[in-house]
Amino acid sequence: KQWYQRRVRGVCECVFSFLFFVFVLSLTSNHINTYYHTPTPLTLPLTHTYNNCIEMSTKKAKVGEAAEVSQDQLSPAEEAALNKLTQIQDEIEKLNDEATEEILKIEKKYNQKRTPFYGRRSEIIKQIPNFWLKAIQNHDSLADLLSEEDKKVFESLQDIYIEDFTELSSGFKITFTFAQNPYFKNKQLWKEFRYDKDQQLSVIPSPIEWKSPERNLVERATKAFNENSPSSKNKRAHDEADSTFFLWFNPEDQDIEVAEIIKEELWPDPMKWFFGMGNELEEGDDEDEGSYDDAEGEEGDEGENGENGENGEEEEDEGEEGDDENGDA
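Residues numbered from 1 in each chain as written. Predicted model: local features only at pLDDT ≥ 70, side-chain atom pairs only at ≥ 80, totals over all residues. Heavy atoms only, no water.

## Comments concerning unusual backbone geometry
Inference 1: Notably, Asn-130 is not glycine yet its phi reads approximately 60°, a positive angle.
Inference 2: The topology assignment puts Asn-130 in the loop between helix H3 (76-125) and helix H4 (131-137).
Inference 3: With relative accessibility at 27%, the residue Asn-130 sits in the partly exposed group.
Inference 4: Backbone geometry at Gln-199 places phi at a positive 60°, although glycine is not the residue there.
Inference 5: With respect to the helices, strands and loops of the structure, Gln-199 is situated in the loop between strand S3 (188-195) and strand S4 (201-205). (Helix = DSSP H or I, 4+ residues; strand = E, 2+ residues; numbered from the N terminus. Buried < 20%, exposed > 50% of the residue type's maximum accessible area, 1.4 Å probe, protein only.)

Here's what the structure looks like:
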């Protein structure tokens, strides 16, 4: 993952460097042509993207914001260069779209290959009591979502399963499978995250069939929250259960953050979380990435220091030669 991020960053730097070079070269060549030859009118039509940029700058100026680019301030040579730059950027965007499509195809292919392994993994996990509860408790972000009573419910959690929809860009579904428990009748609780053609997210949770009002953790948490409000005379300590993980299945909860943590961190390798190594590994990845950035900075500093050192040595040598000459005289 780190290698891929570094490669992407390197490619982006090369692309932007190339674009800047083209921009400067275009400006230089056009200014030379304007100086030595009779100026010619701009015949290349401005692209749609370039016109949009000019319109956005003009709108900013109208509302009193500083506009960095204005069409009236650009010379014909600059307009031509920006036009070429925009065309190149459009081509890059097309390649980015193609790359995204290819990545999704590869991901879909390997998701299908991984599916039978996930099934076998689930069967083995069911043989380990409280596997998922321990894994979740060892995840710093997810552990904070569990109340003491939630932990009793999660003792009956047998499986967590992530299902990507046929079109990966359209979303996914998370399913929790429970054994019989005194809290609710559901064998499974699930939550779907669907994107439409315009990439607008809609979240659809399964309803929870609580066995009794006393066991309804959502209702109890809501009541406790209201009792602990600033206007309430009955105030309890905040750490007493006034929340529950099962609020996540509330239809009003449209947030995808928890789902992404489960999908991207917990689900791929739950063993490292079961053994309590997940947080350390995640922190290690962040530190490695930071170390890579620091190493790049150190290399730059060493290069500058090396040049300064060489210059210093040359100056010292020259000083010694001057002293020898004075001594001979």
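Following the structure, the description resumes.
## As for the side chain of Asn-186
Inference 1: One can find Asn-186 in the loop between strand S2 (171-178) and S3.
Inference 2: A distance of 3.0 Å separates a polar side-chain atom of Asn-186 from the backbone oxygen of Pro-207.
Inference 3: At a separation of 2.8 Å, a polar atom in the side chain of Asn-186 contacts the main-chain amide nitrogen of Glu-209.
Inference 4: Each residue touching Asn-186, except ones within four places of it in the same chain, is listed here: Pro-207, Ile-208 and Glu-209. (Polar contact = N/O pair within 3.5 Å; in protein donor to acceptor, adjacent residues only side chain to side chain. Contact = heavy atoms within 4.5 Å.)

## Let's talk about a nonpolar patch on the surface
Inference 1: Taken together, Met-271, Phe-275 and Met-277 make up a surface patch of nonpolar side chains, about 330 Å² in accessible area.
Inference 2: Mapping Met-271 onto the fold places it in helix H9 (residues 270-274).
Inference 3: Residue Met-271 is classed as partly exposed on the basis of its relative accessible area of 49%. (Patch = residues over 30% accessible without salt bridge, like charges linked within 9 Å, V, L, I, M, F, W, Y side chains within 5 Å. Areas by Shrake-Rupley, 256 points an atom, 1.4 Å probe, with all protein chains shown as cover. Salt bridge = Lys/Arg side-chain N within 4 Å of Asp/Glu carboxyl O.)

## As for the nonpolar core
Inference 1: In terms of nonpolar packing, the biggest core is built from 40 residues, with Ile-174, Phe-176, Phe-246, Trp-248 and Ile-262 touching the most fellow members.
Inference 2: Those residues in contact with Ile-262, other than ones at most four positions away along the chain, are Leu-142, Ile-160, Ile-162, Ile-174, Phe-176, Trp-248, Trp-267 and Pro-268. (Core = buried A, V, L, I, M, F, W, Y, C linked by side-chain atoms within 4.5 Å.)

## Focus: a positive patch on the surface
Inference 1: There is a patch of like positive charges on the surface, built from Lys-152, Lys-185, Lys-211 and Arg-215.
Inference 2: Residue position: Lys-152 is located in helix H6 (residues 148-154). (Lys, Arg positive; Asp, Glu negative; His and termini not counted. Charge placed at Lys NZ, Arg CZ, Asp CG, Glu CD.)

## Description of the confidence of the model for the protein chain
Inference 1: In this model, the protein chain carries a mean pLDDT of 76, and residues with pLDDT of at least 70 account for 59%.
Inference 2: At the low end of the mean pLDDT range in the protein chain sits helix H2 (residues 48-62), at 52; at the high end sits H4, at 97.
Inference 3: Across residues 232-241, confidence stays below pLDDT 50; counting only partners more than four residues off in sequence or on other chains, it has 13 contacts. (pLDDT = per-residue confidence, 0-100.)

## Points about the environment of Phe-131
Inference 1: With respect to the helices and strands, the residue Phe-131 is situated in helix H4.
Inference 2: Classification of Phe-131 as buried rests on a relative accessible area of 5%.
Inference 3: Residues Phe-131 and Phe-274 lie 143 residues apart in sequence; the distance between their C-alpha atoms is 6.6 Å.
Inference 4: When near neighbours in sequence (up to four residues on either side) are disregarded, Phe-131 contacts Ile-125, Pro-270, Met-271 and Phe-274.

## A short note on the sheet that holds S4
Inference 1: Overall, antiparallel pairing links the 4 strands, which are arranged S1-S2-S3-S4 in an open sheet. The strands lining the two open edges of the sheet, one partner per strand, are strand S1 (157-164) and S4. Each strand of the sheet is rotated relative to its neighbour by a mean of 10°, with strand direction disregarded.
Inference 2: Looking at chain direction, S1 and S2 are connected through 7 bridges and run antiparallel. Residue pairing in the sheet places Ile-162 in a bridge with Ile-174 of S2. (Pairing = 2+ DSSP bridges. Axes fitted to C-alpha atoms, helices over the stretch in contact; angles between N-to-C directions.)

## Quick look at the pattern of salt bridges
If charged atoms from side chains of opposite charge come close, those side chains can pair.
Inference 1: On inspection of all chains with the given rule, the structure shows 9 salt bridges.
Inference 2: Connected through shared salt-bridge partners, Asp-164, Lys-263 and Glu-264 make up one network.

## Digging into the packing of aromatic side chains
Inference 1: Summed over all chains, the structure comprises 22 aromatic pairs.
Inference 2: An aromatic cluster of at least three residues, connected via ring pairs, comprises Phe-154, Phe-172, Phe-176, Phe-178, Phe-184, Phe-193, Trp-210, Phe-245, Phe-246, Trp-248 and Phe-249.
Inference 3: Sitting over the face of the ring of Trp-190, Lys-173 holds its NZ or CZ atom 4.9 Å from the ring centroid.
Inference 4: Positioned over the ring face of Phe-165 is Arg-194, at 4.0 Å from the centre of the ring. (Phe/Tyr/Trp six-rings, centres within 6.5 Å; stacked < 30°, edge-to-face > 60°. Lys NZ or Arg CZ within 6 Å of the ring centre and 35° of its normal.)

## Considerations on helix H7 (residues 217-227)
Inference 1: Turning to H7, its buried residues are Leu-217, Val-218, Ala-221 and Ala-224. Down the axis of H7, the sector holding all buried residues measures 130°, keeping them to one side.
Inference 2: Structurally, H7 contributes buried residues whose contacts are with H6.
Inference 3: Structurally, the start of H7 carries an N-cap: the backbone nitrogen of Val-218 is 3.2 Å from a side-chain oxygen of Asn-216. (Arc of directions from axis to C-beta.)

## Some remarks on H3
Inference 1: Over its 50 residues, H3 extends 68 Å from the first C-alpha to the last, a length consistent with the 74 Å expected when each residue adds 1.5 Å.
Inference 2: At Arg-114, H3 shows its maximal bend, which comes to roughly 35°, and the proline Pro-116 appears one to four places after that position.
Inference 3: Those residues of H3 that sit buried are Ala-77, Glu-79, Ala-80, Ala-81, Asn-83, Thr-86, Ile-92, Asn-111, Tyr-118, Arg-121, Ser-122 and Ile-125. (Expected span 1.5 Å × (residues − 1). Bend = angle between axes of the 7 residues up to and from the residue.)

## Some thoughts on the pairing of S4
Inference 1: Taken together, the 5 bridges between S3 and S4 define a ladder with antiparallel strand orientation. Bridged to Glu-192 within S4 is Ile-204.

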